[in-house]
Amino acid sequence: MDRKVKVAQYGCGKMSLFLMRYVLEHGAELVAAFDMDPAVIGKDVGEHLGKEPMGLKISDAKEADAILKEKKPDVCVIATRSTMAELKEAFSVCAVNGVNAISTCEEALYPWNSSEEITKELDELAKAHCCTLCGSGYPDMYWGSLITTLAGSMHKITKICGSSSYNVEDYGIALAEGHGAGLTLEEFDKQIGNYNDLTYAETVEKIKDGTVVPSYMWNQNGWLCSQLGLHITSQTQKCLPITHPADLYSSTLDMTVKAGDATGMSAVVTTETEEGITLETQCLGYVYGPEDFDKNEWTFEGEPETTIVVNRPATVELTCATLVNRIPMLIDAKPGYITTEKMPVNHYLTKAMDSYVKSR
């Protein structure tokens, strides 16, 4: 590309502070920013980032269609909510304007096994307007490419066990509430845990009708199986509350979670495949106590047994950096909703972002 990559930011909350800075520091140009919060609408992007004014104001998300049509960015980075239903509007407004879009939304990484109808609709819309939509972030690398790359060092795999913990305080209120943080155990069992004993077929139906919210590992196991060439015969999930022996204040929820109440949850997804390989993965998202820290651990059972542990990863920063490094591949990908296991393995951008973009 013979010019800077033009980027729009949709959602100017906590994650955007890293996303926009990383975009700028990789040589791209910010041409628009959107949000729904009156507290940030009208604010200069530079001041929002704690820098000198840039002369670019954060616009109301209601103006996204008109501004995208006028500015014609190469890509829009979406950092708002955590489900495809919540992101459909943002993805759609990008697609109809022919703007490639990439989101931090966890479900967006592999939504074909949880929001198939929405994904098909967005896929067709993106193809019709010759642009690409996808999701990326921490799971793309630390639950995805890292795992499938390590699988290439194994002689035989019988089971893949993975777990990842993260502080819901770092990702905003939608994610914290989605993990049941702040609920009593009775409320948790009623709202989240009462679907733990469903069969594969029952879980799929409940996900389709919106009764059950798939955990992040539900989508992640789909991504891993797609990349590894595995064919799923059964997949189930169990959501279990995580508690703390003392009261914990949550700034994100603006409340004190009482001792013994749910600070979040562990969501365990078990996938069986035709090839005889089992995936048992869990994500643990909760309000951290003073002794807690992020941890990512994966074990391959087979020959040889292999375990990798990543302690204290900077999950927020890694999420944002992974997504930003994906942007050239997004721009060069074929039109449609293209999940990242179908793209090249992510890599570091040693040069300006535009150096990696080929003309479509």
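Just so it is clear, the structure is predicted and the values come from calculations on it, not from any experiment. (Residues numbered from 1 in each chain as written. Predicted model: local features only at pLDDT ≥ 70, side-chain atom pairs only at ≥ 80, totals over all residues. Heavy atoms only, no water.)

Please give an account of the overall build of the chain that cites residues and values.
Summing up its helical and strand segments, the chain has 11 helices and 15 strands in all. The C-alpha extent of the chain, read off along each of the three principal axes, is 50 × 50 × 35 Å. With 360 residues in all, the chain has 54% of them scored as buried. Considering only intrachain contacts with a sequence separation of at least 6, the fraction spanning at least 24 residues in the chain is 72%. Computing the positive centroid from 31 side-chain charges and the negative centroid from 51, the chain places the two 7 Å apart. (Helix = DSSP H or I, 4+ residues; strand = E, 2+ residues; numbered from the N terminus. Buried < 20%, exposed > 50% of the residue type's maximum accessible area, 1.4 Å probe, protein only. Contact = heavy atoms within 4.5 Å. Lys, Arg positive; Asp, Glu negative; His and termini not counted. Charge placed at Lys NZ, Arg CZ, Asp CG, Glu CD.)

Pulling in residues and values, what's your account of helix 6 (residues 138–151)?
Over its 14 residues, helix 6 runs 19 Å from end to end, which matches the ideal 20 Å to within 8%, given 1.5 Å per residue. Where helix 6 bends most, at S145, the angle is about 25 degrees. The buried count for helix 6 comes to 10 of 14 residues, which makes it a mostly enclosed element. Where helix 6 is buried, its residues contact strand 7 (156–167), helix 10 (216–228), strand 12 (278–286), strand 13 (295–303) and helix 11 (315–332). (Expected span 1.5 Å × (residues − 1). Bend = angle between axes of the 7 residues up to and from the residue.)

Pulling in residues and values, what's your account of the sheet that holds strand 12?
Taking strand neighbours across the sheet as the criterion, the six strands line up as 8-11-12-7-13-14 in an open arrangement whose pairing is mixed. The open sheet terminates on both sides in strands that have one partner only, identified here as strand 8 (232–243) and strand 14 (306–311). Across the sheet, the axes of successive neighbouring strands diverge by a mean angle of 10 degrees, strand direction being ignored. The pairing of strand 11 (residues 262–273) with strand 12 spans eight bridges and is classified as antiparallel. Bridged to T271 within strand 12 is L279. Its contacts with the sheet put helix 6 on strand 7, strand 12, strand 13 and strand 14, and the angle it makes with strand 13 is roughly 25 degrees. (Pairing = 2+ DSSP bridges. Axes fitted to C-alpha atoms, helices over the stretch in contact; angles between N-to-C directions.)

Could you give me a rundown of the packing of helix 6 against helix 10, with the residues and numbers involved?
In the contact formed by helix 6 and helix 10, the axes pass within 10 Å of each other and the chain directions differ by 35 degrees. Every pair of crossing elements has a handedness; the one defined by helix 6 and helix 10 is right-handed. Contacts between helix 6 and helix 10 involve P139, D140, W143, G144, S145, I147, T148 and A151 from the first element and Y216, M217, Q220, W223, L224, Q227 and L228 from the second. (Left-handed = near helix turned anticlockwise from the far one by under 90°.)

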